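What follows is each chain in one-letter form.
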Amino acid sequence: MKMNETMIFPTLEAVKEAQKSIENVVNYTPLQYNARLSEKFSANIFLKREDLQPVRSYKLRGAYNKIKNLFNEGKTSDGIVCASAGNHAQGVAFSCKQLQIKGTIFMPVTTPKQKLEQVEMFGGNFAEIKLVGDTFDASKNAALEFAQTSGAAFIHPFDDVQIIEGQATLALEILEQQKENIDFVFIPIGGGGLASGISTVFKELSKETQLIGVEPKGAPSMKTSIDNNLNTELQEVDGFVDGAAVKRVGDLTFEICRNALADCIPVDEGKICDTILQLYNKDAIVLEPAGALSISALEEYRTQIKGKNVVCIVSGSNNDITRMEEIKERALLYNGLKHYFMVKFPQRPGSLKDFVLNVLGSNDDITHFEYTKKNSRETALAIVGIELSSISDFNGLKQRMQNLGYFESYLNDNPDVLNMLV
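1. Section: the nonpolar core
Right, on to step 1. Within the largest apolar cluster, 34 residues are counted, with the highest numbers of intra-cluster contacts made by Ile 45, Phe 186, Leu 298 and Ile 305.
Right, on to step 2. A total of 5 residues in this core trace back to one element, the largest contributor, which is helix α12 (residues 269–283).
Right, on to step 3. In this structure Ile 305 touches Phe 41, Ser 42, Ala 43, Ile 45, Phe 184, Phe 186, Leu 298 and Val 310, once residues within four positions along its chain are discounted.
Right, on to step 4. Membership of the second largest hydrophobic core comes to 28 residues, among which are Ile 189, Leu 194, Phe 254 and Leu 261.

Set out below in structure tokens:
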């Protein structure tokens, strides 16, 4: 028997039941028209604001639906356990406190401190955190082992039919809120639970809508699997978009998404960072990297969405403020406004002054400088980071550096070195 023949798939009827089950806990979040983005893309852009949930992400929908069903069936006497990079953990913790169930939550050691504190706050005395491994997958393996030894019910973050049905309630709200036809929905993808839920509803109630999955460039597990026509585990992922950095999507979510998505596209992490800053500075919306995925993909579809009705799922806002400097740095690099060089400085007084006066443009700014004077040499190397006001200033800067003998190498093209600096 084929795998997809043994699976239990979500249904529209079950999604409607889930909506009733969670309605007293989950917010009916707004579908907001965004004038700035609409003007920029010559389209009607609406943001589904799941960042306004009590736990600041859509994950509460699926977690509460799953746990409440287990509770009603008397299957939570030994507690529950989950693994999560953050938002699922918060949804589970919140649900445990609401239903007064003991929960054990496994999280990667790399989880931002802000998300750890949020889990503790939402779960109170009903949630215990265990930090294991550097990735979600390592935490998941530890959680599954704990479930086997303790008898606790495992709450999967995405590959579970009741989790998917809970997430799908978001799609019911969208269709209730938007009376005109929806041409495109852009959906962030980590493990695929949200995309699977939205697909379940739209394939029944709005077949003409094109569903576009969006993944971080450093963790394109769904796109890779669809391209291979096989659920494929990535060898490694970039964990920067921690809410969507999954090596392998779910078997169930893969089966649903590969048949339902019109497209699945990767977005550069630098573009995501630029989107976060734009939304913060221009719309007063604070998002985490995964929460900005869907909006970051609009540029890729600029031509197709012109004149259309478009919904972007804003999936979460659990961003640690200490990450903002890195977010700004990645955005500057992506936009060609931040550049790192290895620079040769003559070992004589005044060489730095000459560099500033004769190499830098009037609007260029040194933002990084590492240099150690070595008296035994005629020249010494320095790592210099320069921020430009316009990308068009780069060629002139590099040319002056070369003409005056300061240039040694350009570091932006060396990912290993750049990762040490950013």
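2. Focus on the pairing of strand β13 (residues 379–387)
Right, on to step 1. Sheet topology note: the strand β11 (residues 338–346)/β13 ladder contains 9 bridges and is antiparallel. Of the residues in β13, the one forming a bridge with Tyr 340 is Gly 385.
Right, on to step 2. Here strand β12 (residues 365–371) runs beside β13; their pairing, made up of 6 bridges, is antiparallel. Looking at the pairing, Asp 365 lines up with Glu 387 of β13.

3. Considerations on the pattern of salt bridges
Right, on to step 1. Per the stated rule, a full pass over the model turns up 20 salt bridges.
Right, on to step 2. With a closest N to O distance of 3.7 Å, Glu 17 and Lys 20 form a salt bridge. Pair noted here: Glu 17 and Lys 20 are both in helix α2 (residues 12–22), with a separation of 3 residues, about one helical turn.
Right, on to step 3. Take Lys 20: its relative accessible area is 53%, and that puts it in the exposed class.
Right, on to step 4. A salt bridge links Lys 48 to Glu 173, with the shortest nitrogen-to-oxygen separation between them at 2.7 Å. Highlighted residues: Lys 48 in strand β2 (residues 44–49) and Glu 173 in helix α8 (residues 161–177), separated in sequence by 125 residues. With respect to burial, Lys 48 and Glu 173 carry one shared label: buried.
Right, on to step 5. Taken together, the shared-partner salt bridges connect Lys 48, Glu 50, Arg 61 and Glu 173 into one network.

4. So, a nonpolar patch on the surface
Right, on to step 1. Nonpolar side chains collect at one region of the surface, where Leu 352, Val 356 and Phe 369 lie side by side and expose about 230 Å² of accessible area between them.
Right, on to step 2. Take Leu 352: it is sitting in helix α16 (residues 351–358).

5. Structural notes on the packing of α12 against helix α15 (residues 324–334)
Right, on to step 1. Where α12 contacts α15, the two axes come as close as 7 Å, and the packing angle between them is 115°. Seen along the crossing, α12 lies across α15 with a hand that is left-handed. Each of Glu 269, Gly 270, Lys 271, Cys 273, Asp 274, Ile 276 and Leu 277 in α12 lies in contact with α15, whose residues at this interface are Met 324, Ile 327, Lys 328, Arg 330, Ala 331 and Tyr 334.
Right, on to step 2. Here the residues of the contact of α12 with α15 are counted per class, giving 7 nonpolar, 1 polar and 5 charged.

6. What to know about the side chain of Thr 209
Right, on to step 1. With respect to the secondary-structure elements, Thr 209 resides in the loop between α9 (193–205) and β8 (210–216).
Right, on to step 2. When sequence neighbours within four positions are dropped, the list of residues in contact with Thr 209 reads Ile 182, Asp 183, Phe 184, Val 185 and Phe 202.

7. Section: the packing of aromatic side chains
Right, on to step 1. Considering all chains together, one arrives at 16 aromatic pairs under this definition.
Right, on to step 2. When the ring of Phe 369 is compared with that of Tyr 371, the centres are 6.1 Å apart and the planes differ by 50°; the resulting orientation is tilted.
Right, on to step 3. The exposure class of Phe 369 is partly exposed, given its relative accessible area of 34%.
Right, on to step 4. Through a chain of ring-to-ring contacts, three or more aromatic side chains come together here, namely Phe 345, Phe 355, Phe 369, Tyr 371 and Tyr 406.
Right, on to step 5. Above the plane of the ring of Tyr 28 lies Lys 48, whose end atom (NZ or CZ) is 5.5 Å from the centre.
Right, on to step 6. Here Arg 330 stacks its cationic end above the ring of Phe 240, 4.1 Å away from the centre of that ring.

8. Details of the sheet that holds strand β6 (residues 153–155)
Right, on to step 1. Taken in spatial order, the 4 strands line up as β5-β4-β3-β6 in an open sheet, and their pairing is parallel. On the outer flanks of this sheet lie β5 (127–131) and β6, each paired with one strand and no other. With direction set aside, neighbouring strand axes in the sheet form an average angle of 25°.
Right, on to step 2. Packing against the sheet, helix α5 (residues 87–99) makes contact with β3 (80–83), β4 (103–107), β5 and β6, and its axis sits at approximately 165° to β3.

What counts, and where the lines are drawn
- Residues numbered from 1 in each chain as written.
- Predicted model: local features only at pLDDT ≥ 70, side-chain atom pairs only at ≥ 80, totals over all residues.
- Heavy atoms only, no water.
- Core = buried A, V, L, I, M, F, W, Y, C linked by side-chain atoms within 4.5 Å.
- Buried < 20%, exposed > 50% of the residue type's maximum accessible area, 1.4 Å probe, protein only.
- Helix = DSSP H or I, 4+ residues; strand = E, 2+ residues; numbered from the N terminus.
- Contact = heavy atoms within 4.5 Å.
- Pairing = 2+ DSSP bridges.
- Salt bridge = Lys/Arg side-chain N within 4 Å of Asp/Glu carboxyl O.
- Patch = residues over 30% accessible without salt bridge, like charges linked within 9 Å, V, L, I, M, F, W, Y side chains within 5 Å.
- Areas by Shrake-Rupley, 256 points an atom, 1.4 Å probe, with all protein chains shown as cover.
- Axes fitted to C-alpha atoms, helices over the stretch in contact; angles between N-to-C directions.
- Left-handed = near helix turned anticlockwise from the far one by under 90°.
- Nonpolar A, V, L, I, M, F, W, Y, C, P; charged D, E, K, R; others polar.
- Phe/Tyr/Trp six-rings, centres within 6.5 Å; stacked < 30°, edge-to-face > 60°.
- Lys NZ or Arg CZ within 6 Å of the ring centre and 35° of its normal.

Nothing here speaks to function; it is geometry throughout.
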